[in-house]
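The residues making up each chain are set out below.
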Amino acid sequence: MNRKVLITGASRGIGREIAVSFAGKKDELFLTCINNIDELTRLGKELEQEHGISCHVYKCDVGDYGEVKELFRQIEDIDILVNNAGIAWLGLMTDMEEKDWRRLMSTNLDSLFNTSKHAVPIMVRKHSGRIINISSVWGNAGASCEVAYSASKGGVNSFTRALAKELAPSNIQVNAVCCGVIDTDMNRKHLTGEELDELADEIPMGRMGDAKEVANLVTMVAEAPLYMTGQIITIDGGWI
Ligand code: NAP
């Protein structure tokens with residue numbers, strides 16, 4: 001479809017599958033990560049070869065305003081912004097160091113301001129555009145030992161609803177895709193196999209979600225009627 005799509009955190013997990021999904025639609029991709037640039041470069045080349053598209057890759061800390069500003073010097077046009085990059089931190093709130101709180105908040109929430117601040121003026125000029133933020137069920141429900149993460153995703157949901165209202169007159173759609181437990185490094189890194197099984201038992205569908213399922217939903221939302229804006233769209237195997 002040749003839309004210009006920026007996906008943050010595309011080197012692994014959900015972001016990677018979102019990139020694959022938009023590549024299948026023949027869009028031009030702008031992909032970022034913070035560390036795994038070799039992996040992201042490999043993915044970009046694979047998608048270019050397989051789908052005959054252009055794929056640009058960047059190392060950029062989305063929580064750092066200056067780095068995002070520099071990124072947008074290299075991206076002149078954008079149709080779709082997918083704010084996917086995110087991190088988790090597990091433990092008691094009182095055990096969390098201030099630097100970890102700041103890091104999580106900047107990655108999960110400041111990032112939405114940093115990217116939207118630069119993408120929105122381009123979209124307003126074109127009187128079109130779509131922003132999709134990747135959120136979590138913990139943003140609604142709140143999770144013990146994930147206070148910062150829950151707060152950041154609650155912020156993502158409110159940011160989404162508010163920005164949707166602000167941008168509706170400019171014909172720009174803003175939604176969030178709110179995930180339950182999805183099988184990626186984010187969970188594998190923090191939880192044991194036994195804990196993952198226990199989590200899966202609490203999900204009516206009896207399993208974690210697949211990143212490809214989230215990616216399919218994201219590409220659907222990017223093509224949904226414009227009138228569907230300001231929504232927090234949940235994909236959680238029936239958990240809520
Ligand atoms: P993941 O597998 O851990 O991948 C995280 C991605 O974000 C990687 O590409 C990573 O880049 C990138 N990233 C991390 N910090 C960054 C930063 N400061 N700047 C730029 N990129 C950064 O995570 P995931 O499970 O796919 O999660 C993706 C999104 O879905 C997150 O927003 C997460 O909160 C949300 N989500 C996930 C789940 C779940 O169960 N997995 C549930 C609900 C919501 P590097 O590879 O370079 O480190």
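In this report, the structure presented in the accompanying data block is examined. The residue numbering used here restarts from 1 in each chain and proceeds along that chain's sequence as written. Two thresholds apply to this predicted model, a pLDDT of at least 70 for residue-level local features and 80 or more for giving and counting side-chain atom pairs, whereas whole-chain, interface and lining totals are computed over all residues. Remark: hydrogens and water are excluded; side-chain values derive from all non-hydrogen atoms of the structure.

Quick word on a negative patch on the surface
Operational definition: Each patch is assembled from residues with relative accessible area greater than 30% and no salt bridge, linking like charges that lie within 9 Å and nonpolar side chains (Val, Leu, Ile, Met, Phe, Trp, Tyr) that lie within 5 Å. The Shrake-Rupley method, run with a 1.4 Å probe, gives the accessible areas here. Residue values count only the displayed protein chains as cover. Every case where a carboxyl oxygen of Asp or Glu lies within 4 Å of a side-chain nitrogen of Lys or Arg is listed as a salt bridge. Charge assignment: positive for Lys and Arg, negative for Asp and Glu; neither His nor the chain ends contribute. The atoms used to mark charge sites are NZ of Lys, CZ of Arg, CG of Asp and CD of Glu. Secondary structure counts use DSSP, requiring at least four H or I residues in a row for a helix and at least two E residues in a row for a strand, with both numbered from the N terminus. Under the scheme applied here, a residue whose accessible area is under 20% of the maximum for its type counts as buried, over 50% as exposed, and between as partly exposed, the area being computed with a 1.4 Å probe on protein chains only.
On the surface, a cluster of negative charge is contributed by E194, E195, D197, E198, D201 and E202. The topology assignment puts E194 in helix α8 (residues 193–201). Assessed through its relative accessible area of 60%, E194 is described here as exposed.

Some remarks on the sheet that holds strand β2 (residues 28–33)
Applicable threshold: We treat two strands as partners when DSSP finds at least two bridges between them. Angles shown run from 0 to 180 degrees and are taken between the N-to-C directions of axes, each axis being a line fitted to C-alpha atoms and, for helices, limited to the stretch in contact. Every residue pair with non-hydrogen atoms within 4.5 Å of one another is taken to be in contact.
Strands sit in the order β3-β2-β1-β4-β5-β6-β7 across an open sheet of seven strands; the sheet is parallel. Each edge of the open sheet is held by one strand with a lone partner, namely β3 (55–59) and β7 (232–235). This sheet shows a mean twist of 15° between the axes of neighbouring strands, independent of strand direction. On top of the sheet, helix α1 (residues 13–23) reaches β1 (4–7), β2, β4 (80–83), β5 (129–136) and β6 (172–179); it is set at about 170° to β1, its chief contact. Across the sheet, helix α4 (residues 98–126) touches β4, β5 and β6, and the angle it forms with β4 is around 175°.

Some points on the packing of helix α3 (residues 65–74) against α4
Worth spelling out the cut-off: Each angle receives one of four descriptions, namely roughly parallel if under 35 degrees, roughly antiparallel if over 145, roughly perpendicular if within 65 to 115, and oblique otherwise. Crossings are sorted by hand: turned counterclockwise from the far helix by less than a right angle, the near helix makes the crossing left-handed, and turned clockwise it makes it right-handed. In this classification, the charged set is Asp, Glu, Lys and Arg, the nonpolar set is Ala, Val, Leu, Ile, Met, Phe, Trp, Tyr, Cys and Pro, and all remaining amino acids, among them Gly, are polar.
The N-to-C vectors of α3 and α4 enclose an angle of 30°; their axes lie 8 Å apart at closest approach. Overall, the two elements α3 and α4 adopt an arrangement that is roughly parallel. When the axes of α3 and α4 are compared, the crossing they make is right-handed. Between α3 and α4, the contacting residues are Y65, V68, K69 and F72 on the first element and F113, N114, T115, K117, H118, A119 and I122 on the second. Looking at the contact of α3 with α4, its residues break down into six nonpolar, three polar and two charged.

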